[in-house]
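# Survey of secondary and tertiary structure
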Amino acid sequence: MSKKQTTQQQRRDFLKASAATGVAASVPLIFSKGAYAAEKFRNDPGTGKSIKFGFNVPQTGAYADEGADELRAYKLAVKHLNGEGDGGMLNTMKPMSLKGNGVLGKKVEYVTGDTQTKSDAARASAKRMIEKDGVLMITGGSSSGVAIAVQGLCQEMGTIFMTGLTHSNDTTGKDKKRYGFRHMFNAYMSGRALGPVLEKEYGTERRAYHLTADYTWGWTQEQSMKDTTEALGWKTVKTVRTPVGAGDFSQYITPVLNSGADVLILNHYGKDMINSLNQAVQFGLKDKVVNGKQFEIVVPLFSRLMAQGAGDAIKGILGSTNWNWQLKNAGTNAFVKSFGAEYGFPPSQAAHTCYVQTLLYANACEQAGTFYPPEVIRTLEDFIFDGMGNGETLYRGADHQCFKDVLVVRGNPNPTSQFDLLKVEQVVPRSKVEYDPSIFGGELGPYKV
Amino acid sequence: MDAILIQILNGLDKGGAYALIALGLTLAFGTLGVVNFAHGALFMLGAFCAVTFQQVLTISKKVKDPSITFFDAYKETPYLEIWWGDTGRAIIDYAVPLSILFAIPVMLLIGVIMERGLIKYFYKRTHAEQILVTFGLAIVIQEIVRSFFGANPLPQSAPAVVAGSAAIGSALGLSDNLVYPWWRLIYLGFSLAVIFAVFAFLKYTTFGMVVRAGMADRETVSLLGINVQKRFTIVFALAALVAGLAGVMYAPILPPDYHMGMDFLVLSFVVVVVGGMGSLGGAVAAGFLLGILQSFASMNEIKSIIPGIDQIIIYLVAVVILLVRPRGLMGREGVMED
């Protein structure tokens, strides 16, 4: 046998073996894809040419501005998914299965609902979108109370819920659900991120007074901040719960003056935070000296929209945020460019998290090759991605919580433009805010409902 | 002692707002017999007069920030500052008190339009119908405001000279911790001044005398050939003005948002009922009383004994007072009893 013949034979053998391996490898995939197709699931688009997403955001009520920004981001995401516009983060996300031709070749459409930032209204709106409008996925919301309520409904109905703005530990803790996924960071992570900065800025001998919004988010944020500051050596003087939407907080702020506290931690968000912070400043807390130390105010959860509302009162105050439009990375640049070109101003953290959530869901469907929810869920679980503005991010399978870098920000004392309200003080790496999922308990529930 | 004094001040300050809103409500109710659920919206419109005036004063020359290329970000300098330097800055600084001059004609006009355009058609209808239509009007007004100004609160600053706190404790030889914001003290003085002005107007002017006579017996006054209706329109406008002024001056205390009227409305109705329907003195007394009680109920010492008492105290007191005095503190016989 000549040398040439041997080489040809080897090549033929190799090709045969490769083909056989390829066929063998693809057989289970074909069968399993057939299996998804055979599975009945709610609002299966079948051979239809389009699919619908349900954007459930506060369009009225105290969080209507956040809701409006979320909706802008969703519309932009749909545009990009359908191959319109400049593609935004579709150009930067890694790994990326989307092709800019909708999802699995089906055009993306959407319906909107109004949560009114009320759990019952949000559930009713989500239910209508699932039952009447036939949506495949629900997303949105600006409150943890709403997120937990809608998440529970989506678990019952077998529809995936990609949460919007929700920061309570409970959302992916004791109330976590198999059908719920959160990209936003949580109160625990805020505490972990802020701890070292608070220690550096204010030292280890401080006395903290908490004013806390009286609902799930406020409670978990208070607990997380308490754990963090007490671990630093701070003493907690008092924790006071305030009704949501109290308006005038003067009767809660005045006791702080005589409490001996030298730090006020405002576990408030949105309108409550704007009001309580402004009033705390009016009562001279920022200028006060207690225990020989300058009195300080901390707002653990910040957003640019809130900073806008708080005006000068926010200047110099420390807090944390999920994302900021001034970050310098490819994903942020792509998103801010798209959003800015479309609407004429930068996106908020609410807009960012909602945009990312939509893309993540779409990408998971494309990657799984099906809309069958249990398979999409499995694809999202432990999915690692990058290029979405927060560095490398993990969607942890154990609790459906995203783990990524957290930003510590300060109300900008010298803003250079009307949008330059928060200054990024520190990007706290993901490894510093990770935790064991068992600490918050909860059960995800079944894949198949 | 400090804590008690400061809660009294808090209560008086809050009570001042309640009293002003309740005073306007009672004026409209006592003269026109109209239960006006849009009265809170008038308070909110007053606050937005301050917002609008401040926005007009700070119309700015915009210079594009070249560092941002994706959208238009601007560095802004108000024209008043460019034209008049320190004088311009001072005018902007005093935007809230100056906006009173803007709010007076605006609120009077709104009052007249509301009364002539809608309320007058409901004089002879039932109170339930009046409540429905005025509540609807309140929702329309607040949604219009939201569409123009957004849902987030818009903070307004008090003039720099009164932006800080008054060291009341040091002045009285008490603790240094006894401080109270200057603007809140000014608000308390302002609300007392407005209340006295309204009472003096009704007591010492011929117009006021006719209105009071009309409140007591509308038919007899009409039979005397006096155009009571015209006067009542003016009274409604006056009620709108009182609510509006309360709102203007409240803007630096509570950043205005489209919903602030509703937040005050319910409490103000309780104030009116506790004070006695149609009783101006009762409305004022009940406003201050409930404001102070609410502040005391928010003290940690009280809440540790009865948790949640701060949320229900006003309603609890209302129930007790109505059980003991069914017509309220100073209610008149025959009002809303037919």
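So, here is what we can say about the structure in this document.

Conventions adopted
Residues numbered from 1 in each chain as written. Chains lettered and ligands numbered in written order. Predicted model: local features only at pLDDT ≥ 70, side-chain atom pairs only at ≥ 80, totals over all residues. Buried ≥ 20, exposed ≤ 12 C-beta atoms within 10 Å, placed from the backbone. Helix = DSSP H or I, 4+ residues; strand = E, 2+ residues; numbered from the N terminus. Pairing = 2+ DSSP bridges. Right-handed = clockwise from strand over helix to strand, strands pointing away. Axes fitted to C-alpha atoms, helices over the stretch in contact; angles between N-to-C directions. Contact = placed C-beta atoms within 7 Å. Parallel < 35°, antiparallel > 145°, perpendicular 65-115°, else oblique. Left-handed = near helix turned anticlockwise from the far one by under 90°. Nonpolar A, V, L, I, M, F, W, Y, C, P; charged D, E, K, R; others polar.

Glancing now at the pairing of strand β4 (residues 160–163) of chain A. All names here are of chain A. Burial along β4 is two-sided: the face carrying I160 and M162 and the face carrying F161 and T163 are both buried. Of the pairings in the sheet, the one linking strand β3 (residues 137–140) to β4 comprises four bridges and is parallel in character. Bridging across to β4, T139 finds its partner in M162. You can see the chain leave β3, run along helix α4 (residues 144–157) and come back into β4, and the turn it takes is right-handed. With two bridges joining them, β4 and strand β5 (residues 180–181) adopt parallel strand pairing. Following the sheet pairing, F161 is matched in β5 by G180.

Our focus in this paragraph is the sheet that holds strand β8 (residues 263–267) of chain A. Residue and element names in this part refer to chain A. Here we have seven strands laid out as an open sheet, ordered β7-β6-β8-β11-β12-β16-β17, and mixed in their pairing. Among the strands making up the open sheet, the edge pair consists of β7 (235–242) and β17 (422–428). Going from strand to strand, the sheet's axes swing by 20 degrees on average, the running direction of each strand aside. Sitting on the sheet, helix α5 (residues 187–202) is in contact with β8, β11 (296–301), β12 (318–321), β16 (406–411) and β17, with an inclination near 155 degrees to β12.

With that settled, the discussion passes to the environment of B:Q156. Residues and elements named next belong to chain B. By secondary structure assignment, the location of Q156 is in the loop between α6 (127–149) and β3 (165–166). Of the residues examined, Q156 has 23 C-beta atoms within 10 Å and is grouped as buried. Sequence-wise, Q156 and V96 are 60 residues apart; in three dimensions their C-alpha atoms are separated by 7.4 Å. In this view, Q156 contacts A50, V51, Q54, V96, A251, P252, P255 and P256; residues no more than four positions away in its chain are not counted.

With that out of the way, let us pick up the packing of helix α2 (residues 39–57) of chain B against α6(B). Residues and elements named next belong to chain B. In contact at an axis separation of 9 Å, α2 and α6 are set at 20 degrees when each is read in the N-to-C sense. With respect to α6, the element α2 is oriented roughly parallel. Seen from above, α2 lies across α6 with left-handed handedness. Contact residues: α2 offers G40, A41, M44, L45, F48 and V51, while α6 offers A138, I141, Q142, V145 and F149. By residue class, the composition of the contact of α2 with α6 is nine nonpolar, two polar and no charged.

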